[in-house]
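Geometric and topological summary
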Amino acid sequence: MPSPFPGMDPYLESHWGDIHHRLINYACDAVQPHLPGELYARMEERVYVESPQELMARYPDVRVVEGEPAGGVAVLATETTVATAEPYVLEILAEPVTEGFIEIREPGRDDRVITVIEVLSPANKEAGEGRRQYRRKQRKLQRGRVNLVEIDLLRAGRWTVLAPRDWLPNRFHPPYRISVFRSWRPLSLEFYHAPLRERLPAIRVPLRHGDPDVALDIQALIDRSYQFGRYERTNYSENPEPALTGDDAVWAEALLREKGLRQ
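Per chain, residue numbering runs from 1 following the sequence as it is written. Residue-level local features of this predicted model are given only where pLDDT is at least 70; pairs of side-chain atoms are given and counted only at 80 or more, and the full residue set underlies all totals for whole chains, interfaces and linings. As a rule here, side-chain values cover all heavy atoms of the structure and leave hydrogens and water aside.

**Structural notes on the overall build of the chain**
Counting secondary structure elements, the chain contains 6 helices and 10 strands. Within the span of the chain, comprising 263 residues, buried residues form 44% of the whole. Residues are treated as being in contact if the distance between any of their heavy atoms lies within 4.5 Å. Contacts in the chain between residues far apart in sequence, at least 24 positions, make up 66% of those at least 6 positions apart. All accessible-area figures derive from a Shrake-Rupley calculation using a 1.4 Å probe, and residue coverage is judged against the displayed protein chains alone. On the chain, roughly 14,800 Å² of surface is accessible, and the fraction owed to carbon and sulfur atoms is 51%. Elements are defined by DSSP. Helices are runs of H or I of four residues or more, strands are runs of E of two residues or more, and each kind is numbered from the N terminus. Any residue under 20% of the maximum accessible area for its type is buried, any over 50% is exposed, and the rest in between are partly exposed; the area is computed with a 1.4 Å probe on protein chains only.

**Side note on the nonpolar core**
Nonpolar core, defined: a set of buried Ala, Val, Leu, Ile, Met, Phe, Trp, Tyr and Cys residues in which side-chain atoms within 4.5 Å join the residues together. Of all hydrophobic cores here, the largest spans 47 residues; its most connected members are Ile151, Leu153, Leu216 and Ile218. Here this core gets 8 residues from one element, more than from any other, and that element is helix 1 (residues 16-31). Not counting chain neighbours up to four residues away, the residues in contact with Ile218 comprise Ile151, Leu153, Ile178, Leu200, Pro201, Ala202 and Ile203. In terms of nonpolar packing, the next biggest core, distinct from the first, is built from 8 residues, Phe101, Val113, Val116 and Val146 among them.

**Considerations on the packing of aromatic side chains**
Geometry of an aromatic ring pair is reported as the spacing of the ring centres plus the angle between the planes. Centre distance within 6.5 Å is the pairing criterion for rings of Phe, Tyr and Trp, where only the six-membered ring of Trp is used; planes under 30 degrees apart are then read as stacked, over 60 as edge-to-face, and the remainder as tilted. Scanning the entire structure with this criterion turns up 6 aromatic pairs. Look at Tyr11 and Tyr236: their rings are 4.7 Å apart centre to centre, the planes differ by 75°, and that puts the pair in the edge-to-face class. Here Tyr11 is found in the segment before helix 1, whereas its partner Tyr236 is found in the loop between helix 5 (218-228) and helix 6 (246-258), with 225 residues between them in sequence. When its relative accessible area of 6% is taken as the criterion, Tyr11 is described as buried. Chaining the aromatic ring pairs together yields one cluster made of Phe5, Tyr11, Tyr236 and Trp251. By definition, being over a ring means that NZ of Lys or CZ of Arg is both within 6 Å of the ring centre and within 35 degrees of the ring normal. A cation over a ring is seen here: Lys137 above Phe101, with NZ or CZ 3.2 Å from the ring centre.

**Some details on the confidence of the model for the chain**
Think of pLDDT as the predictor's per-residue confidence, scored from 0 to 100. With 83% of its residues at a pLDDT of at least 70, the chain reaches an overall mean of 87. For the chain, per-element mean pLDDT is lowest for strand 2 (residues 64-69), which scores 47, and highest for helix 5, which scores 98. Contacts from residues 73-78, a stretch scored under 50 in pLDDT, to residues over four places away or in other chains number 1 contact.

**A word on the pairing of strand 8 (residues 190-194)**
Taken across its 5 residues, strand 8 has 4 buried, putting it largely inside the fold. The sheet contact formed by strand 7 (residues 176-181) and strand 8 spans 5 bridges and is antiparallel. When the bridges of strand 8 are listed, Arg177 appears paired with His193. A pair of strands is treated as paired once DSSP finds two or more bridges between them.

**Here we look at the sheet that holds strand 1 (residues 40-48)**
With mixed pairing, 6 strands are arranged side by side in an open sheet as 1-4-5-6-7-8. Bordering the open sheet on either side are strand 1 and strand 8, each of which pairs with just one other strand. This sheet shows a mean twist of 20° between the axes of neighbouring strands, independent of strand direction. Where helices are involved, their axes are fitted lines through C-alpha atoms of the stretch in contact, as for all axes, and angles between N-to-C directions lie from 0 to 180°. Docked against the sheet, helix 4 (residues 129-143) engages strand 1, strand 4 (97-106), strand 5 (112-119), strand 6 (147-152) and strand 7, running at close to 140° with respect to strand 1.

**What about the side chain of Asn147?**
Among the secondary structure elements, Asn147 is positioned in strand 6. Under the relative-accessibility criterion, Asn147 is labelled buried at 0%. Definition of a polar contact: a pair of N or O atoms within 3.5 Å, with one able to donate and the other able to accept a hydrogen when the atoms are protein atoms, and with sequence-neighbouring residues admitted only if both atoms are side-chain atoms. For Asn147, the side chain forms a polar contact with the main-chain oxygen of Pro206, separated by 3.4 Å. Discounting residues that sit within four places of it in the chain, Asn147 has contacts with Ile114, Thr115, Val116, Phe181, Arg182, Ser183, Trp184, Pro206 and Leu207.

**Things to note about the environment of Glu45**
Along the polypeptide, Glu45 turns up in strand 1. Glu45 sits 57 residues away from Ile102 along the chain, and the two C-alpha atoms are 8.5 Å apart. Those residues in contact with Glu45 that sit more than four places away from it in its chain are Thr98, Glu99, Gly100 and Phe101.

Here's what the structure looks like:
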């Protein structure tokens, strides 16, 4: 059964760990056959460790365990000796965060990076090491004249794509957004309208100057992720996380009732 939503399914946002991996995998497979013969696409990863406070604020399942009581302690001798209490040690298991992305490269001595395709994660959009690293990467790619395609299908968090929000008319402030930077046009950016109530767009992925663009159908990637992730089992009787608001909430309620997924 396909998703009841015509475009991005907001219920997928709470399963972003799975969806993010699928989108990167399927997008790489989608562009690979259409690249010029000497170019190739690879899935890459960046790894970083955020502070325990950042992880706990973002991921409710970060584990906090009770450790063994602390060992002996040296006490400075005074006229009156005060017994010290034994604290319990809380060990926050902050495992490294791994995020995938796609690089399109040209073979040669250094296998030059031509284009980077990013699917934004929650860590890229909230204060913390993930956002700091992502912002540094944006600047590095711009300075290095590397094409950057940014796909943001998360409603929560800060505006992070290169296309500045303030430069866009209000009708281009949808909950989802796609931005494209072309290396040979450093003073311009492309922005794709991606509202909740419509099909997600097929976008143009730039390669080298003079190469034809490669089409990437974002909706097809979401549809495939929904199908192979078996998200037809989603409970649509509850609100998504984060919840829809205003006219979007009213529209979604009517849509789900029409399709028999709500009473």
